[in-house]
Amino acid sequence: MLFRSESELEERFIRGIKNYASQEEQQLLGWDFQTITIDGVNTYKLKIINGETEFYYLITPQVNLGKSDGVLYPTRTDHMITCIDVKKNGESIKIEDLQRIPSIAVYLDGYQYHATKESNRFIGDIQKRISIVDTGKYLTWTLTWEDLNYFEAMLSKLIPDQDNLYNKIKDYNSNYLRLQNAPNYKDFDDKLKTKKNNLDRLIYVLSNLDSEPLLSGNITKDRKSTRLNSSHTDISR
């Protein structure tokens, strides 16, 4: 069976963020996206403007995490998003506050790749991503081919641009009531729940990553007993 390559997904992820930052509305606000080279590797700088707050991120591909990082099960992320500066009213926040902002380990994959008859890596991936979150220093975020399809449709003003999670919330059915009690969602304001797809949600989180729920540890604390359905560690799910 043929599967879409990881590199193709990674290219679409970076292109999606670049295209979002390049929209006229974001450009007028002062957003910026740059490709730089660090040790011969293409790395990316993202500037997000949200009101009087400026966020500066470094997006680094293929970052290894292991016991030296406090991660029990060694893993390699597809990208690591690290906040390198936050400015409020033109002034950088204190270094101790910056260090409290978690990095986001991004995985670009899908159920088809990780849980086929030939290759069933699903349980191992869950263990690795739980161990990342349990450090208190990182969040994890998973994006699939379908997530990127929805996001690209949204940028092009096409449909469908809404994933199943958005539709379930919008319908206000029993799943919405469960999500209201899910720790990964209740700590954010209601705007997160209006985002149409998983990359749209990630960009929203990046635009609010200094929020008090994150800085206080409410998002990154151990949730072994409270994870929704115990089925996923991602804040994105």
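Peer 1: Account for the pattern of salt bridges, naming residues and giving values.
Peer 2: Close approach of charged atoms lets side chains of opposite charge pair. As enumerated under the stated definition, the model contains five salt bridges in all. In this structure, K196 and D161 form a salt bridge, with 3.4 Å as the shortest nitrogen-oxygen distance. Taken together, the residues span a long stretch of sequence, with K196 in the loop between α9 (183-186) and α10 (198-206) and D161 in the loop between α6 (145-155) and α7 (164-171) at a distance of 35 residues. On the basis of relative accessible area, D161 is assigned to the buried category, the value being 7%. Residue D163 pairs with R201 through a salt bridge whose shortest N-O separation is 2.8 Å. With D163 in the loop between α6 and α7 and R201 in helix α10, this residue pair connects regions lying 38 residues apart in the sequence. Accessibility classification places D163 together with R201 in one group, the buried group.

Peer 1: Now, about the environment of D109: what can you tell me, with residues and values included?
Peer 2: Topologically, D109 is positioned in the loop between β6 (103-108) and α4 (111-114). Taking the C-alpha atoms as reference points, D109 and T144, separated by 35 residues in sequence, lie 5.1 Å from one another.

Peer 1: Got a sec to walk through the side chain of Q26? Specific residues and values, please.
Peer 2: Among the secondary structure elements, Q26 is positioned in helix α2 (residues 24-29). For Q26, a relative accessible area of 5% gives the class buried. Those residues in contact with Q26, other than ones at most four positions away along the chain, are Y20, A21 and W31.

Peer 1: Give a detailed account of the pairing of strand β7 (residues 138-143), specifying residues and quantitative values.
Peer 2: β7 sits mainly inside the fold: six of its six residues count as buried. Sheet topology note: the β6/β7 ladder contains six bridges and is parallel. Looking at the pairing, L108 lines up with L143 of β7.

Peer 1: Go over the environment of C83 with me, naming the residues and quoting the values.
Peer 2: Within the secondary structure, C83 is located in strand β4 (residues 75-88). As for C83 and Y56, which are separated by 27 residues in sequence, their C-alpha atoms are 5.8 Å apart. Contact partners of C83, with chain neighbours within four places excluded, come to Y56, Y57, L98 and I101.

Peer 1: Explain the pairing of strand β2 (residues 41-50) residue by residue, including any values.
Peer 2: As paired strands, strand β1 (residues 32-38) and β2 are joined by seven bridges and run antiparallel to one another. Its bridge partner being in β2, T37 is matched across the sheet by N42. From the end of β1 to the start of β2, which pair antiparallel, there are two residues, and D39 there has a positive phi angle of about 55°. Sheet topology places β2 next to strand β3 (residues 53-65); seven bridges connect them, and they run antiparallel. Paired with I48 across the two strands is F55, which belongs to β3. Linking β2 back to β3 in an antiparallel pair, the connection comprises two residues, with G51 at a positive phi of about 65°.

Peer 1: Explain α10 to me, using residue names and the numbers behind them.
Peer 2: Counting buried residues in α10 gives nine out of nine residues, a clear majority hidden from the surface. If you check which residues of α10 are buried, you get N198, L199, D200, R201, L202, I203, Y204, V205 and L206.

Peer 1: I'd like a description of the packing of aromatic side chains, backed by residues and values.
Peer 2: Taken as a whole and judged by the stated rule, the model has four aromatic pairs. Relative to F151, the ring of Y20 has its centre 6.0 Å away and its plane inclined at 35°; by these criteria the two rings are tilted. In this pair, Y20 sits in helix α1 (residues 6-21) while F151 sits in helix α6, placing the two residues 131 residues apart along the sequence. F151 shares its class with Y20; the two are buried. Each ring, one from F55 and one from Y57, has its centre 6.2 Å from the other, and the planes form 10°; the classification is stacked. Judged by relative accessible area, F55 falls into the buried class, the value being 1%. Aromatic rings pair up to connect Y20, W31 and F151 into one cluster.

Procedures and definitions
Residues numbered from 1 in each chain as written. Predicted model: local features only at pLDDT ≥ 70, side-chain atom pairs only at ≥ 80, totals over all residues. Heavy atoms only, no water. Salt bridge = Lys/Arg side-chain N within 4 Å of Asp/Glu carboxyl O. Helix = DSSP H or I, 4+ residues; strand = E, 2+ residues; numbered from the N terminus. Buried < 20%, exposed > 50% of the residue type's maximum accessible area, 1.4 Å probe, protein only. Contact = heavy atoms within 4.5 Å. Pairing = 2+ DSSP bridges. Phe/Tyr/Trp six-rings, centres within 6.5 Å; stacked < 30°, edge-to-face > 60°.

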